[in-house]
Amino acid sequence: MSLAHDARIAVRPATAAQRAARTWPEFNNPAAWIVAVILLIMPLIASGFFLIEIFATTLILGTMALSLMFLAGYGGMVSLMQLTIAGFSAYMVAVFGVSGNANISLGWPWWLAVPMALALATAFGTLGGALAVRTEGIYTIMITLAIGAAFYYFTNQNWAIFNGHTGINTVATPHFWGVNWRADIPFYYIVLAVAAVCYFAVEYISRAPFGLALQGVRDNPRRMAALGFNVNAHRIAAYAFASFVAALAGVLQVWNYRQISPGSVSVGACIDVLIIAVVGGITRPIGPFIGALIFVLLRTFALDFLVRLGLDGNRFRLLIGLGFLAIVFWSSDGVIGLWQRWRQSQHKSANRAGGGRGHG
């Protein structure tokens, strides 16, 4: 049975509760509007360093982690190759586009190089997903990690295409309509727009028939198969969508740093994306962006803090690991889970206080 047919089967008259669940909760949340306004006016209140190194980098890493969150949160598939897909996309932008390595780069204009990079990276991630969906649990994690490790070692040793451990430098960035789109303010708004589109796309898909079917596959694949759903097709389609999101982040990443090297796709960096998603919260699309902000702030300022304390700056990873363990210990759903628990405790306290006053 085809995937399209499966999606049509899932369409049934929605109850009032289902219609409420499919609404956009952000539109009724004043805090979301406040955050949106702050992000839009950020160039007016932040310096170039904070605009790019903190907020733009947060949005790029958050978009990468969002692709992992989509697979893990809605599909129950933990993929450690999302950064690898982003790195593959970045490499393809450098190979097909213009860079300082004229003997490797083909010199295509960005409006041809970027679509080609997105298509190839999406295909690469979809093929990896087709392998991963044949396994479950720890085996899925190991296969996707193996793909990431293999890609890292291949880029490190291949000189004809990836320029070995040196990588590809001075990657050209877009210039059109008389605007340098890598300048701080234009680039920030490009990153913000891509992150917003990916965020709302994930929100929409999670409420669409395909997303609901994917969550059913996550919860009970045997029952969904018995109902006529093609379980593997849904999972592979989820990998394809997540790969496209990761590929978009990879394009932004290579434009941000103007270079790409094997260190950008190392195994440690792949695990960082998992940490970002888990720390922020892996059940809601906003979680990866929260985790990315925490990660970027720690990465940017914790090193200086450790040095001032007379400690080795290399202990940054230890600090990240301890913070990761602390958050997961207190909440399996990261910072979002901690926030929800706090709100529930406040609500219960208010109810008890109201009940006490009423009794009196």
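Here the structure is shown first, and the text comes after it.
As the structure is a computational prediction, the values presented were derived from the model and not from experiment.

Draft legend 1. The arrangement of helix H8 (residues 138-157) in detail. Helix length check: H8 (20 residues) gives 28 Å between terminal C-alpha atoms against 28 Å at 1.5 Å per residue, within 8%. Of the surrounding secondary structure, the elements contacted by the buried residues of H8 are helix H6 (82-96), helix H7 (110-132), helix H12 (231-257) and helix H13 (267-280).

Draft legend 2. Inspection of empty space enclosed by the protein at higher detail. By the definition in use, this model includes one cavity of 30 Å³ or more. In this structure, the largest cavity encloses a volume near 50 Å³. Taken together, Met 64, Leu 83, Ala 86, Gly 87, Ala 90, Gly 250, Gln 253, Ile 260 and Ser 264 form the lining of the largest cavity. The greatest single-element share of the lining of the largest cavity, amounting to four residues, is contributed by H6. Counted by class, the lining of the largest cavity contains five nonpolar, four polar and no charged residues.

Draft legend 3. Quick look at the packing of aromatic side chains. Applying the stated criterion across every chain, the model contains 21 aromatic pairs. Ring centres of Tyr 199 and Phe 289 lie 6.4 Å apart, and the angle between their planes is 65°; on these two criteria the pair is classed as edge-to-face. Of this pair, Tyr 199 sits in helix H9 (residues 184-207) while Phe 289 is found in helix H14 (residues 286-308), placing the two residues 90 residues apart along the sequence. Through successive ring pairs, a cluster of aromatic residues spans Phe 88, Tyr 91, Phe 124, Phe 151, Phe 154 and Phe 162. Positioned above the aromatic ring of Phe 187, the side-chain terminus of Arg 182 is 4.6 Å from the ring centre.

Draft legend 4. How the structure looks around the environment of Pro 186. Secondary-structure assignment places Pro 186 in helix H9. Each C-alpha atom, one on Pro 186 and one on Pro 43, is 9.6 Å from the other, the two residues being 143 residues apart in sequence. Ignoring any residue separated from it by four or fewer positions in sequence, one finds Pro 186 in contact with Val 179, Asn 180 and Trp 181.

Draft legend 5. Examining the nonpolar core more closely. By size, the foremost hydrophobic cluster in this structure holds 82 residues, and its most contacted members are Phe 70, Met 92, Ile 168 and Trp 255. In terms of residues, this core owes the most to one element, helix H5 (residues 48-75), which gives 16 residues. Residue contacts for Met 92: discarding those within four places in its chain leaves Gly 97, Ala 117, Leu 120 and Phe 162. Val 217, Met 224, Phe 229 and Val 231 belong to the second-largest nonpolar core, a separate cluster that totals five residues.

Draft legend 6. Spatial organisation of the pattern of salt bridges. Enumeration according to the criterion identifies three salt bridges in this entry. For Glu 203, the salt bridge identified is with Arg 207, shortest N-O distance 2.4 Å. On the criterion of helical spacing, the pair formed by Glu 203 and Arg 207 is a turn pair, its members being four residues apart in helix H9. For the salt bridge of Asp 219 with Arg 218, the shortest nitrogen-to-oxygen distance reads 2.9 Å. When its relative accessible area of 56% is taken as the criterion, Asp 219 is described as exposed. We classify Arg 218 as partly exposed; its relative accessible area is 31%.

The rules behind these values
Residue positions are given per chain, counted from 1 along the sequence in the order it is written. Per-residue local features are limited, in this predicted model, to residues with pLDDT of at least 70; the limit for side-chain atom pairs, both in listing and counting, is 80 or more; totals at the level of whole chains, interfaces and linings are taken over all residues. Calculated side-chain values reflect all of the structure's heavy atoms, with hydrogen atoms and water omitted. Note on conventions: DSSP H or I runs of at least 4 residues are helices, E runs of at least 2 residues are strands, and numbering of each starts at the N terminus. For a helix, the expected span equals 1.5 Å multiplied by the residue count minus one. We call two residues contacting when some pair of their heavy atoms lies within 4.5 Å. With a 1 Å grid laid over protein atoms only, a set of points is called a cavity when a 1.4 Å probe fits there but cannot get out and a pocket when it is open yet has protein on both sides within 12 Å along at least five of seven lines; lining residues have an atom within 4 Å of a point. Grid points are joined across faces, edges and corners, and a volume is the space filled by probe spheres set on the points. Asp, Glu, Lys and Arg are counted as charged, while Ala, Val, Leu, Ile, Met, Phe, Trp, Tyr, Cys and Pro are counted as nonpolar; the rest, among them Gly, fall into the polar class. Paired rings are identified among Phe, Tyr and Trp, the last through its six-membered ring, by centres lying within 6.5 Å, and are further divided according to the angle between planes into stacked (under 30 degrees), edge-to-face (over 60) and tilted (the rest). Criterion for a charge above a ring: Lys NZ or Arg CZ within 6 Å of the ring centre, and within 35 degrees of the ring normal. We define the nonpolar core as a collection of buried residues of types Ala, Val, Leu, Ile, Met, Phe, Trp, Tyr and Cys that are connected through side-chain atoms lying within 4.5 Å of one another. When accessible area is computed with a 1.4 Å probe and restricted to protein chains, residues below 20% of their type maximum are described as buried, those above 50% as exposed, and intermediate ones as partly exposed. The term salt bridge refers to a pairing of a side-chain nitrogen on Lys or Arg with a carboxyl oxygen on Asp or Glu at a separation within 4 Å.

Interpretation in functional terms is not warranted from these geometric data alone.
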